[in-house]
Amino acid sequence: MTNIVILTGAGISAESGLGTFRDEGGLWAQHRIEDVATPGAFERTPDLVHAFYNTRRAQAAEAGPNAAHLALAKLEQHHSGSFLLITQNVDGLHEKAGSRKIIHMHGQLDRALCHVCGYRWDAPTVMQTGDPCPKCAAQATRPDIVWFGEMPYQMDFIYEHLANADLFVSIGTSGEVYPAANFVAEAKHAGAHTLELNLEPSSRASAFAEVRVGKASQMVPEWVAEHTL
């Protein structure tokens with residue numbers, strides 16, 4: 001029985017039309033990270049931050065899962081061992097594809113968070129400065145997104161699964177953002193086989209036992225077929 005842990009990044013959603021940090025001309029290219037993706041930015045200019053995430057939320061709502069998302073959902077359904085999908089993405093495409101054993105370590109666009117009491121709820125399509133928390137009524141609603149400088153969600157649970165992994169697969173991630181960049185080292189320490197599937201080798205490619213290069217929509221279904229036939 002194989003314990004599989006999979007990490008996905010922005011590269012798996014790029015073929016669904018959702019841009020990455022590095023895309024020229026995309027939404028991220030129009031803003032500095034410091035202006036829209038930090039706690040300080042939200043304190044300084046909450047209207048700008050909300051507008052940025054309202055746009056991202058609308059884009060994600062229009063996007064559909066591609067063959068890579070669907071293949072991972074199929075693997076989860078057919079795999080008899082332990083399975084965990086960790087995603088750095090906030091777009092919800094894995095759920096649209098049918099994935100259920102999933103952790104959003106960086107939060108979700110379709111969820112809202114009260115900055116005062118910590119309550120979480122389904123986000124409206126458009127969020128605004130001054131929206132009250134449905135639990136405590138504080139006007140401190142923010143996107144339920146892990147910003148730069150904040151701790152990703154469910155790290156203890158993630159490390160527990162990495163410590164018991166037989167196979168760790170990283171898909172469509174640059175390997176430059178910690179702590180996710182160190183997951184391969186954690187899995188290797190546990191004795192897992194490690195595989196990277198990416199459009200081009202990441203900055204952490206040398207840490208993997210195996211690297212396959214190409215489009216996620218092609219490589220992921222091919223790899224999943226090897227494990228579900």
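Report on the accompanying structure. (Residues numbered from 1 in each chain as written. Predicted model: local features only at pLDDT ≥ 70, side-chain atom pairs only at ≥ 80, totals over all residues. Heavy atoms only, no water.)

## Considerations on the pattern of salt bridges
Side chains that carry opposite charge are capable of pairing whenever their charged atoms lie near each other. Cut-off, in case you're wondering: In the sections that follow, a salt bridge refers to a side-chain nitrogen of Lys or Arg positioned within 4 Å of a carboxyl oxygen of Asp or Glu. The secondary structure listing takes helices from DSSP runs of H or I that are at least 4 residues long and strands from runs of E that are at least 2 residues long, numbered from the N terminus. Relative accessibility under 20% of the residue-type maximum defines a buried residue, over 50% an exposed one, and the middle range a partly exposed one, all with a 1.4 Å probe and only protein chains included.
Applying the stated criterion to the full structure yields 6 salt bridges. Ionic pairing is found between Arg212 and Glu210, a salt bridge with its closest N-O pair at 2.9 Å. Arg212 serves as the salt-bridge partner of Glu226, at 3.0 Å between the closest nitrogen and oxygen. Of this pair, Glu226 sits in helix H9 (residues 216-228) while Arg212 sits in strand E9 (residues 210-213), placing them 14 residues apart in sequence. Classification of Glu226 as partly exposed rests on a relative accessible area of 47%. A cluster of three or more residues bridged by salt bridges with shared partners is formed by Glu210, Arg212 and Glu226.

## As for the side chain of Asn89
The test is simple: The contact definition used throughout considers only heavy atoms, calling two residues in contact when any of these lie within 4.5 Å.
Mapped onto the secondary structure, Asn89 falls in the loop between strand E2 (83-87) and helix H6 (93-97). Asn89 has contacts with Thr8, Gly9, Ala10, Ile12, Ser13, His104 and Gly107, leaving out every residue within four places of it along the chain.

## Looking at the sheet that holds strand E6 (residues 141-145)
Whenever strands of a sheet pair, they do so through backbone hydrogen bonds, lying parallel or antiparallel. Put simply, the rule reads: Pairing between strands is defined by DSSP: at least two bridges between the two strands are required. Lines fitted to C-alpha atoms define the axes here, with helix axes fitted over just the stretch in contact, and angles between the N-to-C directions of these axes take values from 0 to 180 degrees.
Ordered in space as E5-E4-E6, the 3 strands form an open sheet in which the pairing is antiparallel. Bordering the open sheet on either side are strand E5 (120-122) and E6, each of which pairs with just one other strand. The mean inter-strand angle of the sheet, taken between neighbouring strand axes irrespective of direction, is 45 degrees. Relative to E5, strand E4 (residues 107-114) runs antiparallel, the two being bridged by 3 bridges. Opposite Ala112, over in E5, you have Trp121 as the bridge partner.

## Quick notes on H9
Just so we agree on the cut-off: Any helix carries an expected span of 1.5 Å times its number of residues minus one. Throughout, the arc means the angular range of directions from the helix axis out to the C-beta atoms.
Taking 1.5 Å of rise per residue, 13 residues should cover 18 Å, and H9 covers 18 Å from first to last C-alpha, within 8% of that figure. Listing the buried residues of H9 in full gives Ala216, Met219, Val220, Trp223 and Val224. One face of H9 carries all of its buried residues, which in axial projection span an arc of 125 degrees. In this fold, the buried residues of H9 make contact with strand E1 (4-8), helix H1 (11-14), helix H5 (67-78), strand E7 (167-171), strand E8 (193-198) and E9.

## Side note on helix H7 (residues 155-162)
If you check which residues of H7 are buried, you get Met155, Ile158, His161 and Leu162. Down the axis of H7, the smallest arc covering the buried residues is 125 degrees, so these residues share one side. Tucked into the core, H7 has its buried residues touching E1, E2, strand E3 (102-104), E7 and helix H8 (183-189).

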